[in-house]
Structure formats: structure tokens, C-alpha cells
Amino acid sequence: AQGYRMSDIYEAGIDSRSGKILAPPEIKIKSREGRNSWPDYSFDGKFLAYVSTLSHSFQAALHPNVLCLYSLQNGEMREFPTKFKRIDGTRWAPDNRFLYLDVEDNLGQGIYRVNVQNGEFTLIVRAKFRFYRHEISPDGNMLVYERRDDPKSAYQIISRNLTTGDEKQLYSGRSQSYSISPDGRRLAMMNWDKTKLLQVMPLSGGKPKELLRLEESKSYRISVEW
């Protein structure tokens, strides 16, 4: 027998105030089970975007990956086939017109913007070495991403103005999980070393302020969300 990696998309019901589970997790996407990943709800609550692969193994580099839009209103599915070896980090823009994807193609790694009306893919920025994650600001004007320029360099968190293309380094050092605040003014960060620091800094740039310090027995990544 030969094993392979599988990934599925689950949905659960939860009371946002109490945190009580109202409905247990169930597989949301039934087609290509075991080969679906990176779900993200549109801001208007009408669509679920996710990535699917046509091979029998999740995100297989030798097979095409497909960007999918599932209508939460009528269950209709739209698919945008790609030639990308890998797609990560599906993120909706706040206006629900675009998706931002971290992809790997024959030229390396890049962040693409996808027009969900016509399926047009536009390269926004290409990595010198590697990207790790990205987010879009609440006003849709800024792309924030983590990159590394070579295997030995520091991790950098960069903000990019999507209108002008101007970039600004917000942070340089150890790899961080991070999240933009709903008002678009601050960036929360947490590293994944044994000594974990929860920090907050202005999204415009500045010195991070430490909010919490945790001593753990091992290194692991913690997701940060507002």
C-alpha cells in the first residue's frame, strides 16, 4: 500500500458569544474528498473559496490545482483551472471582487490576484526565495506578507501598497504568526519559539509592544486572530 496526504474542509456551527458548539464539524465539500484545502468565506457571506487538486494526492506538484468558488446560497460551483504546482493562503479582498493566492509556478513563488468575475490571474509580487503567508488590510489597499530572501536571512513582514506598489518593512527577525486588526491600524504578532511573545505594533510601522510572554516546553506555531 502507498500512503498519501489528505486534506478536507469541515464546517461547524458555533455561538459567537458563548463559544458553544451548535453543530458538530462535518465535511462541507463532498467533491474530491481528501484533496481540498485553504477555505475562506467571502466578506458578504455568499461564497466559500478553496483550493482543490485533480490528482489523488493533496496539492500534488505534478498535477494541476484548481481554485473553486462554492455558492453558499444555491450550492453552485465555479472552478478556475490553473497550471500552478501549489496554491496556498486563499484570501478574499474586502470588496468580494478579488482573491489573493500564494502560488508556486515554474518561475518560483508569487502572490497573485484573481478576478472572481472572469478568472483573470494577475501577478502582484514574486519572491526572491519564499513567501510564508499574506493578509489583506480591511480597506483592501494593502497586502501584508512574510518573506525570506534566502535560506539564511531573517524573516521579514512587508506591507505593500496595492495601488502604488510601494513596500515597507514592518518587522525583521524570527518567523511570526500575525493578524491585522479589524480597524486596519494594528498588527498582532506571535513567534513560535519555546519562549513565545504576543506583540502588537502599528500597521504603519513602529516598535512592537509586548502584551504576553509564554514559556513552553517546545517550539510550535500558534495562530493569531483578532
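What you see is a predicted model, and the numbers here were worked out from it, not measured in a lab.

Draft legend 1. Structural view of the sheet that holds strand S13 (residues 155-161). The strand order across the open sheet formed by four strands is S11-S12-S13-S14, and the pairing between neighbours is antiparallel. Only two strands of the sheet have a single partner each, and these edge strands are strand S11 (130-136) and strand S14 (167-173). Averaged over all pairs of adjacent strands, the angle between strand axes in this sheet comes to 20°, irrespective of strand direction.

Draft legend 2. Just unusual backbone geometry, in detail. A positive phi is found at Trp 38, a non-glycine position, where the angle reads about 55°. Along the chain, the position of Trp 38 falls in strand S3 (residues 36-41). Judged by its relative accessible area of 37%, Trp 38 is partly exposed. You will see that Asn 96, though not glycine, has its phi angle at about 65°, which is positive. Here Asn 96 is to be found in the loop between strand S7 (86-92) and strand S8 (98-105). By relative accessible area, which is 18% here, Asn 96 ends up buried.

Draft legend 3. View of the side chain of Thr 82. With respect to the element layout, Thr 82 can be found in the loop between strand S6 (77-81) and S7. Among the residues examined, Thr 82 registers a relative accessible area of 8% and is labelled buried. A polar atom in the side chain of Thr 82 sits 2.5 Å from the backbone oxygen of Asn 65. A distance of 3.2 Å separates the side chain of Thr 82 from the backbone nitrogen of Phe 84, its partner in a polar contact.

Quick notes on the rules
- For every chain, the first residue of the written sequence is number 1, and numbering continues from 1 onward in sequence order.
- Local features are withheld for residues below a pLDDT of 70 in this predicted model, meaning they are given only at 70 or higher, and side-chain atom pairs are given and counted only at 80 or more; totals for whole chains, interfaces and linings count all residues.
- Based on all heavy atoms of the structure, the side-chain values leave hydrogens and waters out of the count.
- The pairing criterion for strands is at least two bridges between them, as found by DSSP.
- The helix count covers DSSP runs of H or I at least four residues long, the strand count covers runs of E at least two residues long, and both are numbered beginning at the N terminus.
- Axis geometry follows a simple rule: fit a line to the C-alpha atoms, using only the stretch in contact for helices, then measure angles between N-to-C directions, giving values from 0 to 180 degrees.
- Residue exposure (1.4 Å probe, protein chains only): buried if accessible area is under 20% of the type maximum, exposed if over 50%, otherwise partly exposed.
- Pairs of N or O atoms are called polar contacts if they sit within 3.5 Å, as long as, within protein, a hydrogen donor faces a hydrogen acceptor (for residues adjacent in sequence, only side-chain-to-side-chain pairs).

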